[in-house]
Amino acid sequence: MGLDQTIYGNTLGEWLIAAGIYAATTLGLWAVERYALRGFARFARGTQTSIDDLVADVLGETKFGLILFVALFAASLALELDATVALVIRRAAAIAIVVQGGMWANAAIAFWVTRFVDHTAGEDAEAVTLVSALSFVGRLGVWSVVLLLILDNLGVEVAALLAGLGIGGIAVALAAQNVLGDLLASLSIILDKPFVIGDFLVVGDYMGTVERIGLKTTRLRSLGGEQLIVGNNDVINTRIRNLGRMADRRGVLTVGVTYNTPREMLARIPAWIEEIVDTQAEVRFDRCHLSGFGESAVEFETIFHMTVPEYDRFMDAKQAILLALHERFERHGVAFAYPTRVVYTIPAADASAVE
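Bear in mind the structure is a predicted one, so any value in this text is a computation, not a measurement. Every chain begins its residue count from 1, and numbering advances along the sequence as written. Residues qualify for local features only when their pLDDT is at least 70, as the model is predicted, and side-chain atom pairs are given and counted only at 80 or more; totals for whole chains, interfaces and linings, by contrast, use all residues. Derived side-chain values reflect all non-hydrogen atoms in the structure, with water molecules and hydrogen atoms excluded from consideration.

### Some remarks on the packing of aromatic side chains
Inclusion rule: Here is the rule: rings of Phe, Tyr and Trp (six-membered ring for Trp) pair when centre to centre is within 6.5 Å. Planes less than 30 degrees apart are stacked, more than 60 are edge-to-face, and the remainder are tilted. Segments assigned H or I by DSSP are reported as helices when at least four residues long, segments assigned E as strands when at least two residues long, and all are numbered from the N terminus. Each residue is placed in one exposure class: buried if its accessible area under a 1.4 Å probe, protein chains only, is under 20% of its type's maximum, exposed if it is over 50%, and partly exposed if it falls in between. Only when the NZ of Lys or the CZ of Arg is both within 6 Å of the ring centre and within 35 degrees of the ring normal is a charge said to sit over the ring.
Enumeration according to the criterion identifies 5 aromatic pairs in this entry. Consider the rings of Tyr-259 and Phe-293, whose centres lie 6.2 Å apart with planes at 25 degrees: the pair is stacked. With Tyr-259 in the loop between β8 (249-257) and α9 (263-278) and Phe-293 in strand β9 (residues 283-293), this pair connects stretches of sequence that are 34 residues apart. Taken together, a centroid distance of 5.9 Å and an interplanar angle of 20 degrees make the contact between Phe-304 and Phe-314 stacked. Of the two residues, Phe-304 sits in strand β10 (residues 298-306) while Phe-314 sits in helix α10 (residues 311-332), which places them 10 residues apart along the sequence. Across the pair, exposure class does not vary: Phe-304 and Phe-314 are buried alike. The ring of Phe-314 has Arg-249 sitting right over it, with the charged end atom 5.8 Å from the ring centre.

Written out as structure tokens, the structure is:
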């Protein structure tokens, strides 16, 4: 069999040339993906700039399986193929290139988001929340474009398809009102920022730290450790107490002393409490007054403010105030009151007289 032997409209020599082109293209692209890109990634990790890291991450998403379609298309150019076969190969190569481009774009978005979060974590929670949401929108946009390009390469009338989707979208919207309500609520949360990742919320009967704001749900980590998942629409339609944005924390301290405490000593107690509160770091004294006569105690009410919102530090300061107050009362012989009841009995003779 000579090289001039014709097989499916092409000579054997042309088939061998096409096979050589396919093998050379595949081998060359494989070598680039295997050695050049991995070597560049190692080089990028050793530099201080981020541009080469971006390029390395993007090119690292190159898929060898998609490269085979490009090699097949390059080989087909050396052959005279049936129009249908040539069209299938051309479209397959175009789709492979479009999908690979989508993967590169997705990797670029992921790189940008990861770098931004790493540099701003703990400093700007609002920006992290917004960027995380925008990254999802960006990826959704990328893959939407990829899908439209694939459909266009397959010969689908994209304009007519979009028009049909617009009509069908109305029916879908009516059938999925709850889902769309959560989607719109997530957009409201992202733009209005009533809370961000890291804030501590009280939502109805539940409380926890915001871990994630998704398109449909917001996830909180409760004090007990379990994860609370709440629909976004339910969140924005509920009164939210955002303790994460507390500027300071107000403390109320009620102390009761016994009724046999001398009046002069009662008059000195507010000054004692003010002195004790003022000695605490990050605590601002507001007021202290004799607030009333209880069932078994003379009651004093003290208001103070913790200038930092952390609850643990607030409780540490409150504990120090109570211990110091206990020591002061003990030193001056002032007794804390506790519920007591005095029962008076009338002798039998006196009782008969009363009757």
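### A closer look at the sheet that holds strand β5 (residues 217-221)
Here is the rule: Between any two strands, at least two bridges found by DSSP are needed for them to pair. Between N-to-C directions, angles span 0 to 180 degrees; the directions come from axes that are lines fitted to C-alpha atoms, helices contributing only their stretch in contact.
If you trace the 5 strands from one edge of the open sheet to the other, you get β6-β5-β4-β3-β7, paired in antiparallel fashion. Edge positions in the sheet fall to β6 (227-231) and β7 (240-242), since each of these pairs with one other strand and no more. Strand-to-strand twist in this sheet, taken as the mean axis angle between neighbours without regard to direction, amounts to 40 degrees. The pairing of β5 with β6 spans 5 bridges and is antiparallel. By the bridge assignment for β6, Thr-217 is matched with Gly-231.

### What to know about the pattern of salt bridges
What counts, and what does not: The salt bridge definition used is simple: a Lys or Arg side-chain nitrogen within 4 Å of an Asp or Glu carboxyl oxygen.
Under the definition given, this model contains 8 salt bridges. Among the ionic pairs, Arg-221 bridges to Glu-211, the shortest N-O distance being 2.9 Å. Taken together, the residues Arg-221 in strand β5 and Glu-211 in strand β4 (residues 206-213) connect sequence positions 10 residues apart. Given a relative accessible area of 31%, Arg-221 falls into the partly exposed group. We note a salt bridge from Arg-287 to Glu-301, for which the minimum N-O separation is 2.7 Å. Taken together, the residues Arg-287 in strand β9 and Glu-301 in strand β10 connect sequence positions 14 residues apart. Owing to a relative accessible area of 28%, Arg-287 belongs among the partly exposed residues under this scheme. Connected through shared salt-bridge partners, Glu-282, Glu-310 and Arg-313 make up one network.

### Comments concerning the nonpolar core
The condition is simple: As used in this record, nonpolar core signifies buried Ala, Val, Leu, Ile, Met, Phe, Trp, Tyr and Cys residues forming a set joined through side-chain atoms within 4.5 Å. Only heavy atoms matter for contacts: two residues are in contact if any of them lie within 4.5 Å across the pair.
Formed by 24 residues in total, the largest nonpolar core has its most connected members in Val-257, Ile-269, Val-277, Phe-304, Phe-329 and Val-334. Mapped onto this core, the elements with two or more residues apiece are β8, α9, β9, β10 and α10. Per-element tally for this core: the top contributor is α9, with 7 residues. Contacts of Val-257, omitting those with residues within four sequence positions, involve Leu-266, Ile-269, Ala-297, Val-298, Phe-300, Phe-329, Val-334, Ala-335, Phe-336 and Ala-337.

Read these as layout, nothing more, since geometry by itself doesn't imply function.
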